[in-house]
Amino acid sequence: MDPDGSGAPVDADARAFDTLYQAHYGDLVALLHALTGDLGDAQDLAQDVFCRAWQRWRVIAGYDDPVAWLRRVAVNLATSRFRRRRTADRHLARQQVEVVPALQPDHVALVAALRTLPVNQRTAVVLHYLVDLPVADVAQELGVPVGTVKAWLSRGRAALASRLDEAGRPGPGAVGPADAGPTGRTSGTVDGGRAATR
(Lines give C-alpha, C1' and ligand atoms only; values in the text may rest on other atoms or scores of the structure.)
Protein backbone atom coordinates (compact mmCIF):
# COMPACT_ATOMS: atom_id res chain seq x y z
CA MET A 1 0.00 0.00 0.00
CA ASP A 2 1.20 3.50 -0.82
CA PRO A 3 -0.91 5.85 1.34
CA ASP A 4 0.66 9.13 0.25
CA GLY A 5 0.79 8.26 -3.47
CA SER A 6 4.49 9.17 -3.60
CA GLY A 7 5.70 5.81 -4.81
CA ALA A 8 7.75 5.36 -1.62
CA PRO A 9 8.19 1.70 -0.57
CA VAL A 10 7.03 0.10 2.66
CA ASP A 11 7.62 -3.04 4.76
CA ALA A 12 10.32 -5.34 3.27
CA ASP A 13 11.70 -2.63 0.98
CA ALA A 14 11.90 -0.27 3.94
CA ARG A 15 14.13 -2.74 5.77
CA ALA A 16 16.46 -2.92 2.77
CA PHE A 17 16.56 0.86 2.64
CA ASP A 18 17.31 1.06 6.37
CA THR A 19 20.20 -1.34 5.86
CA LEU A 20 21.65 0.89 3.15
CA TYR A 21 21.17 3.97 5.32
CA GLN A 22 22.89 2.44 8.34
CA ALA A 23 25.79 1.16 6.24
CA HIS A 24 26.51 4.29 4.19
CA TYR A 25 25.17 7.39 5.96
CA GLY A 26 28.48 8.01 7.75
CA ASP A 27 30.51 7.60 4.56
CA LEU A 28 28.19 9.98 2.72
CA VAL A 29 28.53 12.62 5.44
CA ALA A 30 32.33 12.28 5.26
CA LEU A 31 32.24 12.72 1.47
CA LEU A 32 29.98 15.76 1.70
CA HIS A 33 32.02 17.27 4.53
CA ALA A 34 35.10 17.09 2.35
CA LEU A 35 33.18 18.70 -0.54
CA THR A 36 31.39 21.44 1.41
CA GLY A 37 33.80 22.11 4.26
CA ASP A 38 30.90 22.34 6.72
CA LEU A 39 29.81 19.41 8.87
CA GLY A 40 26.31 20.76 9.41
CA ASP A 41 25.80 21.27 5.68
CA ALA A 42 27.18 17.78 5.04
CA GLN A 43 24.68 16.21 7.44
CA ASP A 44 21.78 18.17 5.94
CA LEU A 45 22.76 17.22 2.39
CA ALA A 46 23.21 13.56 3.33
CA GLN A 47 19.68 13.52 4.73
CA ASP A 48 18.46 15.13 1.50
CA VAL A 49 20.20 12.45 -0.57
CA PHE A 50 18.58 9.64 1.41
CA CYS A 51 15.17 11.34 1.26
CA ARG A 52 15.46 11.38 -2.53
CA ALA A 53 16.61 7.77 -2.53
CA TRP A 54 13.62 6.77 -0.38
CA GLN A 55 11.18 8.37 -2.79
CA ARG A 56 12.75 6.43 -5.70
CA TRP A 57 13.71 3.28 -3.81
CA ARG A 58 11.78 0.80 -5.96
CA VAL A 59 13.90 1.90 -8.93
CA ILE A 60 17.19 2.44 -7.08
CA ALA A 61 16.99 -0.94 -5.34
CA GLY A 62 17.28 -2.57 -8.75
CA TYR A 63 20.51 -0.77 -9.65
CA ASP A 64 23.75 -2.75 -9.73
CA ASP A 65 25.35 -0.15 -7.44
CA PRO A 66 22.85 1.97 -5.46
CA VAL A 67 25.75 3.55 -3.54
CA ALA A 68 27.08 5.04 -6.78
CA TRP A 69 23.68 6.71 -7.25
CA LEU A 70 23.92 8.14 -3.73
CA ARG A 71 27.38 9.54 -4.47
CA ARG A 72 26.30 11.13 -7.74
CA VAL A 73 23.34 12.86 -6.10
CA ALA A 74 25.54 13.95 -3.20
CA VAL A 75 28.13 15.47 -5.54
CA ASN A 76 25.42 17.24 -7.56
CA LEU A 77 23.79 18.69 -4.44
CA ALA A 78 27.13 19.80 -3.01
CA THR A 79 28.10 21.41 -6.32
CA SER A 80 24.78 23.27 -6.51
CA ARG A 81 25.19 24.55 -2.97
CA PHE A 82 28.77 25.56 -3.69
CA ARG A 83 27.71 27.59 -6.71
CA ARG A 84 24.91 29.32 -4.81
CA ARG A 85 27.25 30.25 -1.99
CA ARG A 86 30.43 30.92 -3.98
CA THR A 87 30.89 34.50 -2.86
CA ALA A 88 30.37 33.64 0.81
CA ASP A 89 32.57 30.56 0.48
CA ARG A 90 35.48 32.61 -0.86
CA HIS A 91 35.21 34.87 2.14
CA LEU A 92 34.97 31.98 4.61
CA ALA A 93 37.94 30.24 3.01
CA ARG A 94 40.12 33.11 4.23
CA GLN A 95 38.92 32.72 7.78
CA GLN A 96 40.21 30.32 10.40
CA VAL A 97 38.15 27.15 10.42
CA GLU A 98 36.71 26.28 13.84
CA VAL A 99 38.07 22.94 14.98
CA VAL A 100 35.35 20.39 15.61
CA PRO A 101 36.39 18.40 18.71
CA ALA A 102 35.54 15.02 17.15
CA LEU A 103 37.89 15.66 14.22
CA GLN A 104 41.65 15.43 14.09
CA PRO A 105 43.52 18.72 13.38
CA ASP A 106 45.03 17.30 10.20
CA HIS A 107 41.55 16.45 8.89
CA VAL A 108 40.27 19.94 9.67
CA ALA A 109 43.27 21.47 7.89
CA LEU A 110 42.67 19.25 4.87
CA VAL A 111 38.97 20.19 4.67
CA ALA A 112 39.87 23.88 4.95
CA ALA A 113 42.42 23.49 2.15
CA LEU A 114 39.93 21.58 0.00
CA ARG A 115 37.50 24.49 0.29
CA THR A 116 39.99 26.74 -1.53
CA LEU A 117 40.08 24.51 -4.63
CA PRO A 118 37.85 25.03 -7.67
CA VAL A 119 34.83 22.76 -7.37
CA ASN A 120 35.93 20.40 -10.18
CA GLN A 121 39.37 19.84 -8.67
CA ARG A 122 37.90 19.44 -5.19
CA THR A 123 35.37 16.86 -6.35
CA ALA A 124 37.99 14.85 -8.25
CA VAL A 125 40.40 14.86 -5.30
CA VAL A 126 37.70 13.80 -2.83
CA LEU A 127 36.34 11.00 -5.01
CA HIS A 128 39.78 9.64 -5.89
CA TYR A 129 41.70 10.01 -2.63
CA LEU A 130 39.02 9.96 0.07
CA VAL A 131 36.36 7.73 -1.52
CA ASP A 132 39.19 5.70 -3.13
CA LEU A 133 37.65 5.50 -6.60
CA PRO A 134 39.97 4.72 -9.55
CA VAL A 135 40.54 7.58 -11.99
CA ALA A 136 38.38 5.90 -14.64
CA ASP A 137 35.47 5.63 -12.20
CA VAL A 138 35.82 9.29 -11.20
CA ALA A 139 35.72 10.25 -14.86
CA GLN A 140 32.59 8.16 -15.38
CA GLU A 141 30.80 9.64 -12.36
CA LEU A 142 31.67 13.21 -13.36
CA GLY A 143 31.01 12.65 -17.07
CA VAL A 144 34.41 13.89 -18.25
CA PRO A 145 37.42 12.29 -20.00
CA VAL A 146 40.04 10.46 -17.93
CA GLY A 147 42.64 13.01 -19.02
CA THR A 148 40.55 15.82 -17.58
CA VAL A 149 40.35 14.04 -14.22
CA LYS A 150 44.13 13.51 -14.22
CA ALA A 151 44.64 17.21 -14.87
CA TRP A 152 42.26 18.17 -12.06
CA LEU A 153 44.02 15.76 -9.68
CA SER A 154 47.46 17.08 -10.59
CA ARG A 155 46.44 20.73 -10.10
CA GLY A 156 44.44 19.95 -6.98
CA ARG A 157 47.30 18.07 -5.33
CA ALA A 158 49.76 20.84 -6.11
CA ALA A 159 47.43 23.46 -4.62
CA LEU A 160 46.73 21.33 -1.55
CA ALA A 161 50.44 20.72 -0.97
CA SER A 162 51.08 24.46 -1.03
CA ARG A 163 48.19 25.35 1.28
CA LEU A 164 48.86 22.58 3.79
CA ASP A 165 52.56 23.47 3.81
CA GLU A 166 51.66 27.07 4.62
CA ALA A 167 49.44 25.82 7.44
CA GLY A 168 52.25 23.66 8.79
CA ARG A 169 50.27 20.46 8.29
CA PRO A 170 51.37 17.24 6.55
CA GLY A 171 49.91 17.25 3.07
CA PRO A 172 50.18 15.30 -0.13
CA GLY A 173 53.98 15.37 0.16
CA ALA A 174 56.08 14.41 -2.80
CA VAL A 175 53.34 13.57 -5.25
CA GLY A 176 54.14 13.30 -8.91
CA PRO A 177 51.93 13.86 -11.93
CA ALA A 178 48.54 12.16 -11.95
CA ASP A 179 49.66 9.13 -13.96
CA ALA A 180 47.35 6.20 -13.42
CA GLY A 181 48.90 2.79 -13.08
CA PRO A 182 47.41 -0.54 -14.17
CA THR A 183 44.79 -0.37 -11.42
CA GLY A 184 43.61 3.05 -12.55
CA ARG A 185 44.84 4.70 -9.33
CA THR A 186 47.40 7.43 -9.12
CA SER A 187 50.43 7.23 -6.88
CA GLY A 188 50.74 9.47 -3.85
CA THR A 189 48.95 10.34 -0.66
CA VAL A 190 46.55 12.91 0.68
CA ASP A 191 45.95 13.90 4.30
CA GLY A 192 49.26 12.75 5.65
CA GLY A 193 49.04 9.28 4.13
CA ARG A 194 45.63 8.24 5.43
CA ALA A 195 44.16 8.19 1.94
CA ALA A 196 46.96 6.39 0.15
CA THR A 197 46.36 5.40 -3.42
CA ARG A 198 47.53 2.24 -5.00
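Below is a summary of the structure that appears in this document.

What counts as what
- Residues numbered from 1 in each chain as written.
- Predicted model: local features only at pLDDT ≥ 70, side-chain atom pairs only at ≥ 80, totals over all residues.
- Heavy atoms only, no water.
- Helix = DSSP H or I, 4+ residues; strand = E, 2+ residues; numbered from the N terminus.
- Contact = heavy atoms within 4.5 Å.
- Areas by Shrake-Rupley, 256 points an atom, 1.4 Å probe, with all protein chains shown as cover.
- Salt bridge = Lys/Arg side-chain N within 4 Å of Asp/Glu carboxyl O.
- Buried < 20%, exposed > 50% of the residue type's maximum accessible area, 1.4 Å probe, protein only.
- Expected span 1.5 Å × (residues − 1).

**Examining the overall build of the protein**
From N to C terminus, the protein includes 9 helices and 0 strands. Tracing the protein from N to C terminus, the helices and strands come up as α-α-α-α-α-α-α-α-α. By sequence separation, contacts in the protein at least 24 residues apart represent 57% of the contacts at least 6 residues apart. When the accessible area of the protein is evaluated, it comes to approximately 10400 Å², of which 50% is carbon and sulfur surface.

**Quick look at the pattern of salt bridges**
A complete count under the given rule lists 2 salt bridges for this structure. In this structure, the salt-bridge partner of D48 is R52, at a minimum N-O distance of 3.2 Å. Of the two residues, D48 and R52 both sit in helix α2 (residues 39-55), 4 residues apart, roughly one turn of that helix.

**A few points about unusual backbone geometry**
Despite not being glycine, D132 has its phi angle at roughly 70 degrees, a positive value. In this fold, D132 is placed in the loop between α7 (119-130) and α8 (135-142). Look at D132 and you get partly exposed, because its relative accessible area is 23%.

**Considerations on helix α9 (residues 146-166)**
Taking 1.5 Å per residue as the helical rise, α9 with its 21 residues ought to reach 30 Å, and the 30 Å between its terminal C-alpha atoms agrees with that figure. Considered for burial, the residues of α9 that qualify are V149, W152, L153, G156, R157, A159, L160 and L164.

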